[in-house]
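# Structural overview
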Amino acid sequence: MNFINGVTIAIVLFGIGLLGLILRRDLVIKLLSLGLVNGSVILCLVSLNARPDGVPPIVRGPGGAPYVDPLPQALVLSAIVINFAILALALVFVMLLVERYHTTDSQRIEHEIEEEEGP
Amino acid sequence: MRRTSFSMVVVTALLVACFCGVLMATFGYRGAGEGGAPYIARGAVETGAANLVSAIYLNYRLYDTLLEILVFSVAVLGVRFYLAEQKGSEEEVARIPESQVIRTSADLLFPPIFLLGIYLVLFGHLSPGGGFSGGTVAGTGLLLCAVALGADVVARRFHEAALERLEWGVLLVILLFALSPIALWRLPLTDLFPRGNLGSLASGGSILIYNALIGLKVFIGTWVVVYSFIRHRGEI
Amino acid sequence: MIIVLLPLGHFLLAALCLAWQSGTRVLTLLSLLVDASLVGLLFSAFSQGETLAIVLGGWGRDVGIELADDRFSLVFCILALLLGGSVVAYLWKERLRPYFYMLLHLLLGSVFALLFARDLFNIYVIMELLTLTSFLLVGYERKPYQIWAGLKYLLLASLGMGMYLLGVAIIYYHTGTLNLSILTTQLIGQQNASWLLIASSLLVSGIAIKAGIFIFSLWLPAAHASATPAVSALLSGMVIKMGVVVLLRLAPVFPLSLPLEVLSAVTGLLGIIYAIYTYDLKRMLAFHTLSQIGYLILGIGIGSELEIAGSLEYAVGHGLFKGLLFLAAGAAVQATGKEDIPGLIAKRSQIPVATRVGLLIGTMGIMGLPPLAGFCGKTLLSNGTDSPVIQAILVLLSIGTVISFAKLLPLFRLERGPSSPWPKTVAYVILGLPMVLFLPLTRLFLPIEQWRESFGTIPFLESLLMVGVGLLLYRFLPKRLANLPQRIFRLEEAILVILSGFFLIYLLSVLG
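As a convention, each chain's residues are numbered from 1 in the sequence order in which they are written. Chains and ligands are labelled sequentially in the order written, the chains with letters from A and the ligands with numbers from 1. Predicted model: local features are reported for residues with pLDDT of at least 70 only, side-chain atom pairs are reported and counted for 80 or more only, and whole-chain, interface and lining totals are derived from all residues.

Bringing the overall build of chain C into the picture now. Each helix is a run of DSSP H or I of at least 4 residues and each strand a run of E of at least 2, with the numbering of both proceeding from the N terminus. When helices and strands are tallied, chain C shows 22 helices and two strands. The quantity called the radius of gyration is restricted to C-alpha atoms. Its globule counterpart is 2.2 Å times the number of residues to the power 0.38. In summary, chain C has a C-alpha radius of gyration of 22 Å against a globular reference of 24 Å for 512 residues, a match within 12%. Along the first, second and third principal axes, the C-alpha set of chain C runs to 65 × 55 × 50 Å. Sorting the 512 residues of chain C into buried and exposed places 62% on the buried side. A separation of at least 24 residues holds for 81% of the contacts in chain C among residues at least 6 apart in sequence. Residue burial here comes from a neighbour count, namely the number of other C-beta atoms, placed from the backbone, that lie within 10 Å of the residue's own C-beta, with 20 or more meaning buried, 12 or fewer meaning exposed, and in between meaning partly exposed. Two residues qualify as a contact pair if the distance between their C-beta atoms, derived from the backbone, is within 7 Å.

Shown next, in the form of structure tokens:
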């Protein structure tokens, strides 16, 4: 089995995205890491049923050509649009916060909000 | 509080490494795979569309696509609501100093880009493409215009309120069209249009109509999102 | 056909709200009445034994998306309508933009869509729609702490759905289908396969972030406490239950009973400990939501007929009284300007009478006083199982709930107060009346011998005893504990806790 294939790379990217989401304090980098996490799941879905002799699932005529599985690709279309929506809205909120607190550091923003709300 | 503490880095790295390791070990991935047999066997004949992916997400699993359009609409709604009220510090959207290179290349490129978008939408059931990609291509073509001419010039051509109503109107049309088989006492989201000849433009039942409507919606939505960000920021 | 009309109808109305802006409230009210009649039709069809299962588009089950109803869907539909109606009534006099009502319709539509969904990817898309609409509702007033709470919610929920989708990918790779009914039959012999365990752990971790389980939903106290009271009522009462409904759908298919039972204990006890030592009213209610979800997950985890009925009843009851508590708490905070409980007690003469009565009924319900809603659910849950460990946990949870709500008791002294504006009173009545009449209403759920046996005199006395013990313990418990860890509610630590929770679920499913 070829060890370097879409699925393993997707899992590695998922891990890298998680690391970025947790360890980096800049809010924009957190958003990018979230995008990476979601993108890696998309990669995993698309490369699930990939086959080396595969042909895109566009039917030209009768007769069974080795078409690649079309279902994950259809699922991925929805997933991509949903990721776009999430990133857009998260970016809007990040922009609102950054304008209010003049910093993109998530820990500093959290600290200032805790101070504002009072104990 | 200033730096991420060393213990946290270690714990994070350990947890994430274990997570990835467990996933890789138990996934059971054997390399190549085969799947999607029911769609491949019957898809083209039952739906009339040559592109099996379009057949799936606009016919077999149309409900998911409808919900996903709603997700897109909610995103556009949210972006517009939060960014419309707060203008940037400048009233006028600043322009990139208009260079001849940008202007000329935008003149040359915008028509083909727009045509490509329309092609992708119309031929979505015959070749890779569809409403989403076509709409995005056309929307970013409009962004190219905004870069070349200035965003305010482009925005002046679209009346803001009319754009909003058009967008939700298209959504209304999509939903009503999806519900229309009820009038004939069939289940909603059923495709009642004729299938046509496989491979010709007039095939695939109502997939073409859905592609066109979705393409229009995504086009407007992409422009609204991009323009909201530009206007809020005050510059491109 | 109705089961696809309900969600799509609400989505249509969301689009229409923009067209007819002045009449959005009336439109929403009318739509809720129409929904009530549709649900009534479904209910009458269901009680005659017809279950609807349709595949949209008329295709077969293996290629299309299946929708089906069962008693859980119908009962939650009723809960959704009651909550929606009370929120519309509560906000009748406020000047809200059509944007808010559009979001409300989208929320209700996605709730209805999720209740009938039987397909893994369909559930994913609907949950994302729910996440986005509730996230936008949390940040509606644009205060900074609301925006930050909403952002944390979005990041964590999106991460969770990413994990869920990874689990769906694994399942699709090995079984070739996404339909839950087909999966039920296909997975019967393979319950110990390693890929199935990891996939079910991923699925449950993803959904648990939205379902209000303590280790996973660490965004919940911030988000529910900072949102406006009507939105908090909707979120705590309905949106959280949707995560529980998905777990209910997944539980018969995947090997999940031990993880769910352990998680229920963990979330119940941890939630109650935090709730006892929180003095901000809305935050305490949010911690309570985390804890009460423990009851629901317990019933689902055990999986027997009576237990699931108990979970269902408790879910409906909890939706009602948590909604009522949030609405009343919001009105109280608005009237006095104080958010912490000692401050509210000091200024209790400024709180309207109807609000105080609402808080009282809600408190009685959540404490489990018979014959209100909470009592019914808790009794069924403890009657359905013989295991002493589970009974002990249930008793601890009940006593803990009583202790944490005992600090509200000074609010309820009989005093004159200003009268409440009528919309809010109507909202309290919409939620409070079914709660008070819950005991006769449970006759609809259970066959009559079980009903008589479950609700005899002994359970009555038991629950009264627990309330008494709780009140006594409250006198003697230290009022302030050493600092409970609050760092876990930050974003980064929350993700680490979620990952550890994932490993916990995986280990438990391997062991179970």
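So, next bit.
Along the backbone of chain A there are four helices and zero strands. Each helix and strand of chain A, ordered N terminal to C terminal, gives the series α-α-α-α. Taking 14 Å as the expected radius of gyration for a compact globule of 119 residues, we find that chain A reaches 20 Å, considerably beyond that expectation. Its C-alpha atoms give chain A principal-axis dimensions of roughly 70 × 30 × 20 Å. Put simply, chain A has 119 residues, and 48% of those count as buried. Within chain A, residue pairs in contact and separated by at least 24 positions form 54% of the contacts whose partners lie at least 6 positions apart.

As a further point, take the interface of chain A and chain C. In many analyses, interface size is given as the accessible surface area lost on bringing the parts together. Across the contact, 28 residues belong to chain A and 27 residues belong to chain C. Contributions of two or more residues to the side of chain A that touches chain C are made by helix 1 (6-23), helix 2 (27-46), helix 3 (71-101) and helix 4 (106-117) of chain A. Broken down by element, the side of chain A that touches chain C gets its largest block of residues, 13 residues, from helix 3 of chain A. Under the grouping applied here, Gly and all other residues not named as nonpolar or charged are polar, the nonpolar ones being Ala, Val, Leu, Ile, Met, Phe, Trp, Tyr, Cys and Pro and the charged ones Asp, Glu, Lys and Arg. Here the side of chain A that touches chain C is built from residues that sort into 21 nonpolar, three polar and four charged.

Our next topic: the packing of helix 3 (residues 71-90) of chain C against helix 13 (residues 305-336) of chain C. Residues and elements named next belong to chain C. Axis angles are defined between N-to-C directions and span 0 to 180 degrees, where every axis is a line fitted to C-alpha atoms and, for a helix, only to the segment in contact. Between helix 3 and helix 13, the least distance of the axes is 10 Å, while the angle of their chain directions is 5°. By the angle class used here, helix 3 and helix 13 are roughly parallel. Along the contact surface, helix 3 presents Phe-72, Val-75, Leu-79, Leu-82, Leu-83, Ser-86 and Tyr-90, while helix 13 presents Leu-312, Val-316, Gly-319, Leu-320, Gly-323 and Leu-327. Of the residues that constitute the contact of helix 3 with helix 13, the class distribution is ten nonpolar, three polar and no charged. Should an angle lie under 35 degrees it is considered roughly parallel, over 145 roughly antiparallel, and from 65 to 115 roughly perpendicular; all remaining angles are considered oblique.

By size, the foremost hydrophobic cluster in this structure holds 311 residues, and its most contacted members are Ala-85 and Leu-89 of chain A, Val-71 of chain B together with Leu-247 of chain C. The residues touching Ala-85 of chain A, leaving out its near neighbours within four places in the chain, are Val-71, Phe-72, Val-74 and Ala-75 of chain B together with Leu-132 of chain C. Here, a nonpolar core denotes buried Ala, Val, Leu, Ile, Met, Phe, Trp, Tyr and Cys residues that are linked to one another through C-beta atoms within 7 Å.

Another point: unusual backbone geometry. Its identity as a non-glycine residue notwithstanding, Leu-189 of chain B has a phi of 65°, on the positive side. Among the residues examined, Leu-189 of chain B registers 27 C-beta atoms within 10 Å and is labelled buried. At Arg-142 of chain C, a residue that is not glycine, the phi angle is positive and equals roughly 65°. By the element assignment, Arg-142 of chain C lies in the loop between helix 5 (120-138) and helix 6 (144-175). Residue Arg-142 of chain C is classed as partly exposed on the basis of its C-beta count, with 15 C-beta atoms lying within 10 Å.

Chain B puts 43 residues into the contact, and the matching count from chain A is 38 residues. Of all the secondary structure elements, the ones that give two or more residues to the side of chain B that touches chain A are helix 1 (6-26), helix 2 (37-47), helix 3 (52-60) and helix 4 (62-84) of chain B. Looking at the side of chain B that touches chain A, the element that brings in the most residues is helix 4 of chain B, giving eleven residues. A class-by-class count of the residues in the side of chain B that touches chain A yields 28 nonpolar, ten polar and five charged.

A word on the packing of helix 8 (residues 194-211) of chain C against helix 22 (residues 491-511) of chain C. Residue and element names in this part refer to chain C. At a minimum axis distance of 9 Å, the contact between helix 8 and helix 22 shows a crossing angle of 135°. When the axes of helix 8 and helix 22 are compared, the pair comes out oblique. In terms of crossing hand, the pair formed by helix 8 and helix 22 is right-handed. Residue-level contacts link Leu-197, Ile-198, Ser-200, Ser-201, Val-204, Ser-205 and Ile-209 of helix 8 to Ile-498, Gly-501, Phe-502, Ile-505, Tyr-506, Ser-509 and Val-510 of helix 22. Looking at the contact of helix 8 with helix 22, its residues break down into nine nonpolar, five polar and no charged. Crossings are sorted by hand: turned counterclockwise from the far helix by less than a right angle, the near helix makes the crossing left-handed, and turned clockwise it makes it right-handed.

Moving on, we come to the confidence of the model for chain C. Residues and elements named next belong to chain C. For every residue, the pLDDT score states the predictor's confidence, bounded by 0 at the bottom and 100 at the top. Model confidence for chain C is summarised by a mean pLDDT of 85, while 96% of its residues fall at 70 or above. For chain C, the element scoring lowest by mean pLDDT is helix 20 (residues 448-454), at 63; helix 5 scores highest, at 94. Both scores are available for the predicted complex, with the pTM at 0.94 and the ipTM at 0.95.

A few words on helix 1 of chain A. With 18 residues, helix 1 of chain A extends 25 Å between its outermost C-alpha atoms, agreeing within 8% with the 26 Å of an ideal straight helix rising 1.5 Å per residue. Listing the buried residues of helix 1 of chain A in full gives Val-7, Ala-10, Ile-11, Phe-14, Gly-15, Gly-17, Leu-18, Leu-21 and Ile-22 of chain A. Looking straight down helix 1 of chain A, one finds its buried side chains confined to an arc of 160°; they lie on one side. Those residues of helix 1 of chain A that are buried are in contact with helix 2 of chain A, helix 1 of chain B together with helix 22 of chain C. Expected span of a helix, by definition, is 1.5 Å for each gap between consecutive residues, and there is one gap fewer than residues. Here, the arc refers to the directions that run from the helix axis to the C-beta atoms.

Attention now moves to the confidence of the model for chain A. Summing up the model confidence of chain A, the mean pLDDT is 88 and the portion of residues at 70 or higher is 97%. When pLDDT is averaged over each element of chain A, helix 2 of chain A comes out on top at 95 and helix 4 of chain A at the bottom at 84.

Let's shift gears to the environment of Gly-512 of chain C. All names here are of chain C. Looking at the secondary structure, you find Gly-512 in the segment after helix 22. Separated by 189 residues in the primary sequence, Gly-512 and Gly-323 have C-alpha atoms spaced 35 Å apart. Leave out the neighbours within four places in its chain, and Gly-512 touches Pro-255, Ser-257, Leu-258 and Pro-259.

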